[in-house]
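What follows is the residue order along each chain.
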Amino acid sequence: MNRRISCLAAIGFMLFCSRTWAELVVEITKGQADAIPIAIVPFSSPEAAAASFDVAKLVSDDLARSGRFRTTDRKDMIEQPHTGAAISFDDWRRLNNDYMVVGQIQPLGQDRYNITFELYNVLNRQRLLGYQISANKPGLRLASHQVADMVFEKILGIRGAFATRIAYISVLGSLPHKDYRLIVADADGENPHVVMQSNEPLMSPAWSPDGQNLAYVSFENRLPSVYVQFLKTGERRRVSAQAGVNQAPAWSPDGKKLALTLSTRDGNLDIYVLDLGTQALTRITDDPGIDTEPQWSKDGQSLYFTSDRAGGPQIYRVGTQSGDKPRRLTFQGSYNARPRLSPDESQLAFVTQEDGGYRIATMDLRGRGDVQVLTKGHFDVSPSYAPNGAEIIYASRDRGRGVLALVSADGRVQERLVSSEGELQEPAWAPF
Amino acid sequence: MRDFLREHSWAVVVSVLLHGLLVAGLVFLALNSAHRPPPSLQPLPIDAVVVDSQVLHAAQRAQAERAEQEAARARAAAEAQAAAAAKAEAAAADETRAAEEAKTAEQAKEVEQAKAAEQAKAAEQAKEAEQAKAAEEAKAAQQAKAAEQAKAAAAEQQRLIDAKKAAEAKQAAEAKQAAEAKQAAEAKQAADAKRAADERARQDREAELRRQLADEEHRRAVESGPLRDSYIARLRNRIQNAWIKPPSASVGLDCLVEVTQIPGGEVTGARVTQCNGDAAARQSIENAVYRASPLPDPPDPALFERNFVFRFKPNE
């Protein structure tokens, strides 16, 4: 009898063994492109002076504007903890928050403040970040963008670009009294500073790789010239004033050269490289058509540019060594212009014409050259990549007025920057 | 038959050995084929075995507890019976004592009566001393007779008492014997009960194992059927809808996450094991599992799995 039991037991065990092998494996092949729910709890501030700046609101706005986060409304917060120890995770999870940020702002005296913040994963209660940033009152805005950057990077694995700047041209008034301004602002459009003002057109701002200088085209002497301006001091110098056209400056990756478009005596436009140290000019293209809007590759070995040598404007690439033959990159559609290379060089953004409108498109440079049109406006032009490559800023028109807009590099998120007065044109996103 | 065996003894031995080998071989094959080849993923055999052995332990524990309870019951009954016997004995002793006391009291009464009679006689003698001298002898005779009568009565009384005592002693002995017999009988009954309990426990154990086997068979039947496919499809949908893909998670990502759920579908653990993605991808995957909690109920309870492995392999 006992023998029979042990026999049964042995068979039972065997079945249990095989059961462990049968452990279910489920394959997930799709995901949602949803925004990640996050709560930025208002930071506590012991003094009214500190409270006059709302760190949490700025962080929350940054994350929401990126389109990758859905931030929880303050009136939906049943409590407002300021440290991790005070968080009731179950409650926050019930409100569908995946992550939350808590923090405090403390005055240190002499106009200095400490921002302390922590990032938590509500789902598994893990503390992901804990930092303290010290800033003076004007620096609180930048410090808040830095908080948003850290949160963004921790959750998405992409460096945040909230604490960066943009440059753009703002045009006020109407002819004959137009007012052109070159403006540098925070990436969220706030904190704008006029760095150059003129009654003649200003065009094509371009950031130096170190973010300290801007090159741009100014018609201040009625003729186009290229200037380089040192932002800290406002000191500027004219670097190119050739006869005819001087336009579309682009910094080489080492910051020592500018690629630009110059015209020969017969009015033919070609790409040149100007050595800023020696003033030496090197001609890169030589074609009867228009070659313009150059952009450097990261290694400085080639230039992407627009040319109408085949009829309509298309994008080409050419080596910076003389004598290299340009190679055409775009073949879809009759209009592809203004190439901009993504920071990791995996994508090329440009303006394409579709259904009679101008739109921002990207081309995959690593795979089969797939083209994706990202925007749906009628006049979406002048794309410029954020330094993290996640977004593209561009100029658009809203009810007849020039505005700035953002689209994520994969096209799934679109935002509009709240603009101040004026026609906004030619945005250029600064490096980190 | 015996002749046949003697004539073919070698052949018989060889044949028996061959059959033995054949049976052993078949059993070996059967055992081996019962194991399915391991999938590419190394699952958590330890976890699952722990879970299963707990089930087994629980069953065994329950049986042991049942047997123990039976034994305790038998023990309690035997104790109660022993207590009853002791009480009966004590009652018998009480009775004996009471009888003896009664006897002593009676004796004292007799003595007193006799004394009273003597006193009466003395009084009579004093009173009747002056009476007829002739009656003196008769009186003396009468007195002697009365004394004799009193003595006889006392003797009779003593005899009765002795008889009663003997009877009582006999009764006590009988009661004691009866109690002993009863105790023995009860002990035997308790032993029988224990044997019966053991047998029941053994049967329960066997039934439990059979039930587990039947469950297992049922389970295997459902597992290979369309119900399992539909369950997997529901799980996949649920998790896919909960996964917020980070930008870094694109074609080429391939991650395994081990999931633990409890009945009702609540996720109690999610841990990415093998993964070629970055920290953000890993986190998004673990979060997807938590966000999908509670997981859908299986269409058949036999399909419930405490431990899952989800494979995240985006194809777009």
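Cut-offs and rules
Residues numbered from 1 in each chain as written. Chains lettered and ligands numbered in written order. Predicted model: local features only at pLDDT ≥ 70, side-chain atom pairs only at ≥ 80, totals over all residues. Helix = DSSP H or I, 4+ residues; strand = E, 2+ residues; numbered from the N terminus. Buried ≥ 20, exposed ≤ 12 C-beta atoms within 10 Å, placed from the backbone. Pairing = 2+ DSSP bridges. Axes fitted to C-alpha atoms, helices over the stretch in contact; angles between N-to-C directions. pLDDT = per-residue confidence, 0-100. Contact = placed C-beta atoms within 7 Å. Expected span 1.5 Å × (residues − 1). Parallel < 35°, antiparallel > 145°, perpendicular 65-115°, else oblique. Left-handed = near helix turned anticlockwise from the far one by under 90°. Nonpolar A, V, L, I, M, F, W, Y, C, P; charged D, E, K, R; others polar.

(A) Spotlight on the overall build of chain B. Secondary structure summary: chain B contains six helices and three strands in total. Along chain B, helices (α) and strands (β) appear in the sequence α-α-α-α-α-β-β-α-β when read from the amino end. In chain B, buried positions account for 13% of the 316 residues.

(B) Representation of the sheet that holds strand E2 (residues 36-40) of chain A. Residue and element names in this part refer to chain A. Strand order in this open sheet of five strands is E3-E2-E4-E5-E6, and the pairing throughout is mixed. At either end of the open sheet lies a strand with only one pairing partner, and these are strand E3 (69-71) and strand E6 (126-136). Recorded for the sheet is a direction-independent mean angle of 25° between the axes of neighbouring strands. Examined bridge by bridge, E2 and strand E4 (residues 99-109) share three bridges and lie parallel to one another.

(C) Inspection of the sheet that holds strand E13 (residues 236-240) of chain A at higher detail. Residues and elements named next belong to chain A. Read across the sheet, four strands follow the order E10-E11-E12-E13 without closing on themselves; strand pairing throughout is antiparallel. Of all the strands in the sheet, just strand E10 (202-207) and E13 have a single pairing partner and so form its edges. Geometrically, the sheet is characterised by an average inter-axis angle of 25° between neighbouring strands, direction not taken into account. Where E10 lies against strand E11 (residues 213-218), four bridges are found, and the strand directions are antiparallel. Looking at E11, one finds that Ala206 is bridged to Ala215.

(D) View of unusual backbone geometry. Along the chain, Ser293 of chain B connects to Pro294 of chain B via a cis peptide bond; the corresponding omega equals 0°. For Ala248 of chain A, which is not a glycine, the phi torsion comes out positive at approximately 55°. What makes Ala248 of chain A buried here is the crowd of 25 C-beta atoms within 10 Å. Backbone geometry places Arg338 of chain A, a non-glycine residue, at a positive phi of 55°. Inspection of the secondary structure assignment puts Arg338 of chain A in strand E22 (residues 336-341). A tally of 25 C-beta atoms within 10 Å means that Arg338 of chain A is categorised as buried.

(E) Quick peek at the confidence of the model for chain B. The pLDDT averaged across chain B works out to 76; a share of 74% of its residues lies at or above 70. Confidence drops under pLDDT 50 across residues 29-57 of chain B; counting only partners more than four residues distant or on other chains, this segment forms 26 contacts.

(F) Highlighting helix H5 (residues 226-242) of chain B. For H5 of chain B, with 17 residues, the first-to-last C-alpha span of 25 Å sits near the 24 Å given by 1.5 Å per residue. The set of residues buried in H5 of chain B consists of Tyr231, Leu235, Arg238, Ile239 and Gln240 of chain B.

(G) Molecular detail of the packing of helix H3 (residues 55-65) of chain A against helix H5 (residues 140-156) of chain A. Residues and elements named next belong to chain A. With their axes 9 Å apart at the nearest point, H3 and H5 run at an angle of 50° to one another. By the angle between their axes, H3 is oblique relative to H5. For the pair H3 and H5, the crossing hand works out as right-handed. Residues Val55, Leu58, Val59, Asp62 and Leu63 of H3 form the contact with H5, whose own contacting residues are Leu140, Arg141, Ser144, His145, Val147, Ala148, Val151 and Phe152. Split into classes, the residues belonging to the contact of H3 with H5 amount to nine nonpolar, two polar and two charged.

(H) Quick peek at H5 of chain A. Residue and element names in this part refer to chain A. Compared with an ideal rise of 1.5 Å per residue, which puts 17 residues at 24 Å, H5 spans 24 Å between its outermost C-alpha atoms and is within 8% of the ideal. H5 sits mainly inside the fold: twelve of its 17 residues count as buried. Considered for burial, the residues of H5 that qualify are Leu140, Ala143, Ser144, His145, Val147, Ala148, Asp149, Met150, Val151, Phe152, Ile155 and Leu156. Immediately beyond the C-terminal end of H5, within one or two residues, lies Gly157, with a positive phi of roughly 75°.

(I) Region of the structure containing the pairing of E13 of chain A. Residues and elements named next belong to chain A. Alignment of strand E12 (residues 225-230) against E13, held across four bridges, turns out to be antiparallel. Paired with Gln229 across the strands is Arg236, a residue of E13. With antiparallel pairing between neighbouring strands as the criterion, E12 and E13 make up a hairpin whose turn holds five residues, including Gly234 at a positive phi of roughly 80°.

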